[in-house]
Amino acid sequence: MSSKNLFPPLNEQMDLIKRGTVEIIPEDELVQKIKKSIETGKKLNIKLGCDPTRPDLHLGHSVVLRKLAQFQSLGHQAILIIGDFTAMIGDPSGRNSTRPPLTFEETRENAKSYIEQAAKILDKEKTKIVFNSDWLSKMSFEDVIKLSSKYTVARMLERDDFTKRYKTGVPISMHEILYPLAQAMDSVAIESDVELGGTDQKFNLLVGRDIQREYGVEPQVIITMPLLVGTDGTEKMSKSYDNYIGISDTPQDIFGKTLSIPDNLIYNYYELATDISNEELSQIKSDLENPEVNPRNTKRSL
């Protein structure tokens with residue numbers, strides 16, 4: 001088998017990659033990366049970082065995990081970065097206050113169950129699982145100062161959550177400013193070609209592109225996925241809002257909670273949380289627009 005046959009054709013890859021995505025930045029670079037991988041037979045490194053701040057995952061987390069699994073099905077290298085080091089800092093994304101840091105032992109304990117749950121979506125044998133403490137804990141203070149010199153305070157304060165906190169006088173700690181830089185070093189360490197994340201991670205992922213350039217690594221393309229709305233139909237899915245469907249919930253609970261979602265979310269859940277084909281997806285859309293079709297039946301199938 002020649003290297004050119006290792007991967008599906010470009011248009012087939014792009015169709016699957018684009019499904020359910022919010023943004024691909026920049027899309028033309030992704031096209032070039034895929035073309036090159038088809039020509040050389042070299043897999044792209046697809047990065048997904050997760051901080052094990054809580055031990056359990058829900059369908060909201062599954063949206064980016066599924067996108068990683070799709071890249072895996074296209075023949076690329078899925079790399080799951082367990083942020084055992086960054087979880088000790090606490091990701092400020094979307095926060096209007098400082099997140100309490102965890103101990104290293106807590107992050108490692110949570111990571112175990114994360115990996116078990118992620119394996120329900122990813123092919124564990126083909127997934128490269130790495131811990132960012134492997135490189136971040138080895139950085140000296142001199143390394144951290146050099147890294148900090150590559151980004152400006154003004155640019156860091158451009159991120160929404162920092163801007164809001166700065167304007168309202170809510171404290172921003174120095175360690176939170178270092179968080180996006182630490183996450184960016186993950187992209188440098190694994191030479192990430194594509195990084196996935198929710199829309200709330202866009203700023204962090206873009207910092208990764210900039211820092212890779214500074215360290216002489218080809219910058220990653222970033223793909224953002226929508227935040228899945230929870231069963232209440234208003235807030236993003238979260239344990240804090242008690243509107244979640246857990247990956248490890250019992251089948252009965254998953255069925256019951258799915259039936260409880262508002263009808264306007266049915267299409268969304270099919271698109272982001274299932275593997276049905278785009279043709280079937282179009283059929284669901286027309287069924288939902290047809291007043292003669294009972295949405296409850298579409299929900300039961302979901």
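Comments concerning the sheet that holds strand β4 (residues 127–131)
Okay, step 1: Spatially, six strands are ordered β1-β6-β5-β2-β3-β4 in an open sheet, and the strand pairing comes out mixed. At either end of the open sheet lies a strand with only one pairing partner, and these are β1 (23–25) and β4. Pairs of neighbouring strands in the sheet enclose a mean axial angle of 25°, with direction left out of account.
Okay, step 2: Bridge analysis of strand β5 (residues 194–198) against strand β6 (residues 221–225) gives five bridges, and the strand direction is parallel. Bridge pairing in β6 links Gly197 to Thr224.
Okay, step 3: Running over the sheet, helix α3 (residues 59–73) touches β2 (45–50), β3 (77–82), β4, β5 and β6 and is turned about 155° from β5.

Structural notes on the pairing of β2
Okay, step 1: Of all six residues in β2, five are buried, a share of seventy percent or more.
Okay, step 2: As paired strands, β2 and β3 are joined by six bridges and run parallel to one another. In the sheet register, Ile46 faces β3, and the bridge partner there is Ala78.
Okay, step 3: Read as a crossover between parallel neighbours, the route from β2 over α3 to β3 is right-handed.

Things to note about the pattern of salt bridges
Okay, step 1: Under the counting rule described, the total for this entry stands at 18 salt bridges.
Okay, step 2: Linking Glu195 and Lys47 is a salt bridge whose minimum nitrogen-to-oxygen distance equals 3.1 Å. One end of the pair, Glu195, is in strand β5; the other, Lys47, is in strand β2, with 148 residues separating them in the sequence. As far as burial versus exposure is concerned, Glu195 and Lys47 are alike and both buried.
Okay, step 3: Put simply, Asp210 and Arg213 hold a salt bridge, and the shortest N to O gap is 3.1 Å. Here Asp210 pairs with Arg213, and both are found in helix α10 (residues 202–214), just three residues apart, close to one helical turn.
Okay, step 4: A relative accessible area of 18% places Asp210 in the buried class.
Okay, step 5: Residue classification places Arg213 among the partly exposed residues on the basis of a relative accessible area of 43%.
Okay, step 6: Each member of the salt-bridge network shares a partner with another, and the members are Lys33, Asp193 and Glu218.

Here we look at the nonpolar core
Okay, step 1: Counting 51 residues, the largest nonpolar core has Leu30, Leu80 and Ile223 as its most contacted members.
Okay, step 2: In terms of residue count, α3 provides more of this core than any other element does, seven residues in total.
Okay, step 3: Those residues in contact with Ile223 that lie beyond four places of it in its chain are Ile17, Thr21, Glu23, Ile24, Leu30, Phe71, Val194, Glu195, Leu196, Gly197 and Leu205.
Okay, step 4: With 22 residues, the next largest nonpolar core counts Trp135, Ile177, Val207 and Val217 among its residues.

Rules behind the numbers
Within any chain, residue numbers begin from 1 and follow the written order of that chain's sequence. At least 70 in pLDDT is required for a residue's local features to be given in this predicted model, at least 80 for side-chain atom pairs to be given and counted, and no such filter applies to totals for whole chains, interfaces and linings, which use all residues. To obtain the side-chain values, all non-hydrogen atoms of the structure were included, while hydrogens and water were left out. For two strands to be treated as a pair, DSSP must find at least two bridges joining them. Helix and strand assignments follow DSSP, with helices taken as H or I runs no shorter than four residues and strands as E runs no shorter than two, numbered in order from the N terminus. What counts as an axis is a line fitted to C-alpha atoms, over the stretch in contact for a helix, and the angles between N-to-C directions run from 0 to 180 degrees. In what follows, a contact means two residues having at least one pair of non-hydrogen atoms within 4.5 Å. Relative accessibility under 20% of the residue-type maximum defines a buried residue, over 50% an exposed one, and the middle range a partly exposed one, all with a 1.4 Å probe and only protein chains included. Convention used here: a crossover is right-handed provided that the path from the first strand, over the helix, to the second strand proceeds clockwise when the strands point away from the viewer. In the sections that follow, a salt bridge refers to a side-chain nitrogen of Lys or Arg positioned within 4 Å of a carboxyl oxygen of Asp or Glu. Within this scheme, the nonpolar core is defined by two criteria: the residues are buried Ala, Val, Leu, Ile, Met, Phe, Trp, Tyr or Cys, and they are joined through side-chain atoms within 4.5 Å.

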